[in-house]
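Structural overview
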Amino acid sequence: MRNFRCYLAAAMAAAMFMSQPVMAAEGTPVVVQPAYDSQSGGPGVAAVTQESPGGQDGTSLTGEASGQEADQSQVTADTGQMPVQEQEVPDQSQAGQPEQVSPDQSQAGQPEQVSPDQSQASGSGSAPVLVAGGDPGITGPAAKQAAEEEAARLAAEEAARQAAEEAARQAEEEAARQAAEEAARLAAEAEAARQAAQGRQVFTRQLDPSRPMVALTFDDGPNGPVGNQIMDCLAQYGGKATFFMVGSRVPSYAAEVQRMVAEGHEVANHSMNHKYLQKLDGAQIQAEVNQCNDTIQAVCGVRPSLLRLPGGNHNATVLANTHMPMIQWNIDTLDWKTRNADKTVESVLSQVKNGDIVLMHELYSQTGEAALRIIPELARRGFQMVTVSEMAAARGRGLEAGKLYFSIP
């Protein structure tokens, strides 16, 4: 029992001794390792190892190294005390000197190699692991967030690039469109000037080709009271009409004819004396047509470009000698026959459609009354009330001399 207590005391003393770091020299740790006495089967003298400045194992400081006898390293049976061993202490003159680094460890960028024994002896935990190409300070969720932010930045840059390309493309298209519009405007102005020099009437209104159009036409004028009433109503609703006039009447209503031109209505030819041209020879037909054109131009400065045949009558001789496009109709109100405003209104509104040419006569007051009801209703239905030439231009139709036109759909 007594021997057991001695061994226990020696073990406790050795454990306490090992728990305290020993400094052999300034800044130089000493590692204390427990010893085992093979003769007694109990704890022996602790071995003290000094780590050299270069990282190599230093001198082992034991009882044997100090020259003491082996039996002195054992605990006495009487006291249970462990003899104190002298420790070799390196030359104090080396204290404070910089640690010498071996060539292998001096290479730039190489982390210090630590053996498993040294890691355990120092009591330190696991060292951080360096990931190739990464930052040891950014791991886990932080690395994922950084990757997401970089992807978002790249996506934003790509979106900005595409937006810039699209803006440039749209700018080019807009510039091309404006250039085309300007070229078309200049061409229209040049054509207008050419036609004006020839006494031709020019129409410059901008129409919407997608909306329905109808051409209201009035024959046998001019007739001031009715014609001015019709133009007043058309002005209120933004409409225009075509007036086919008899040349012999024009000088008597010069102011009305001039108003037609000033307000953008089309002045047109209905022969000089309203003779049925199919009964005339070629020379007579040409005289009827040309004299009417001359008279209208003399009054208002515009030479008509369209002709309506009296009664719509024609034959091969007529077609060969008018030398103008001949405008017929596809809605005949028969206002000249009924002279009834209600019937005239019904005949138009019951069948009117896009591209129609409507025939009425300016001579009758009932026609003027009917126009005051027809025009607002056509506007309400979305019709654009246009001249014959405007409708043909909007449809891209060229009107040719010697040909008949009944509608321009």
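Structure's up top.
Residues numbered from 1 in each chain as written. Predicted model: local features only at pLDDT ≥ 70, side-chain atom pairs only at ≥ 80, totals over all residues. Heavy atoms only, no water.

1. Some details on the side chain of threonine 295
Along the chain, threonine 295 falls in helix α6 (residues 282-300). According to the relative accessible area criterion, threonine 295 is buried, its value standing at 17%. For threonine 295, the contacting residues outside a window of four places in its chain are Gly247, Val250, Pro251 and Met272. (Helix = DSSP H or I, 4+ residues; strand = E, 2+ residues; numbered from the N terminus. Buried < 20%, exposed > 50% of the residue type's maximum accessible area, 1.4 Å probe, protein only. Contact = heavy atoms within 4.5 Å.)

2. Some points on the packing of helix α4 (residues 224-237) against helix α10 (residues 365-380)
In contact at an axis separation of 9 Å, α4 and α10 are set at 10° when each is read in the N-to-C sense. Viewed along their axes, α4 and α10 adopt a mutual orientation that is roughly parallel. Facing Val226, Gln229, Ile230, Cys233, Leu234 and Tyr237 of α4, the residues of α10 in contact are Ser365, Gly368, Glu369, Ala371, Leu372, Ile375, Pro376 and Ala379. In terms of residue class, the contact of α4 with α10 is built from 10 nonpolar, three polar and one charged. (Axes fitted to C-alpha atoms, helices over the stretch in contact; angles between N-to-C directions. Parallel < 35°, antiparallel > 145°, perpendicular 65-115°, else oblique. Nonpolar A, V, L, I, M, F, W, Y, C, P; charged D, E, K, R; others polar.)

3. With respect to the nonpolar core
One finds Val214, Leu216, Phe243, Met245, Val267, Ile374 and Leu378 to be the most contacted residues of the largest nonpolar core, which totals 36 residues. Elements with a minimum of two residues in this core: β5 (213-221), α4, β6 (242-245), α5 (254-262), α6, α9 (341-349), β10 (356-361) and α10. When residues no more than four places from it in sequence are discounted, the contact partners of valine 267 are Gln201, Phe243, Met245, Val257, Met260, Val261, Ile296, Cys300, Val302 and Pro304. By size, the runner-up hydrophobic cluster in this structure holds 15 residues, among which are Leu306, Val388, Ala392 and Ile408. (Core = buried A, V, L, I, M, F, W, Y, C linked by side-chain atoms within 4.5 Å.)

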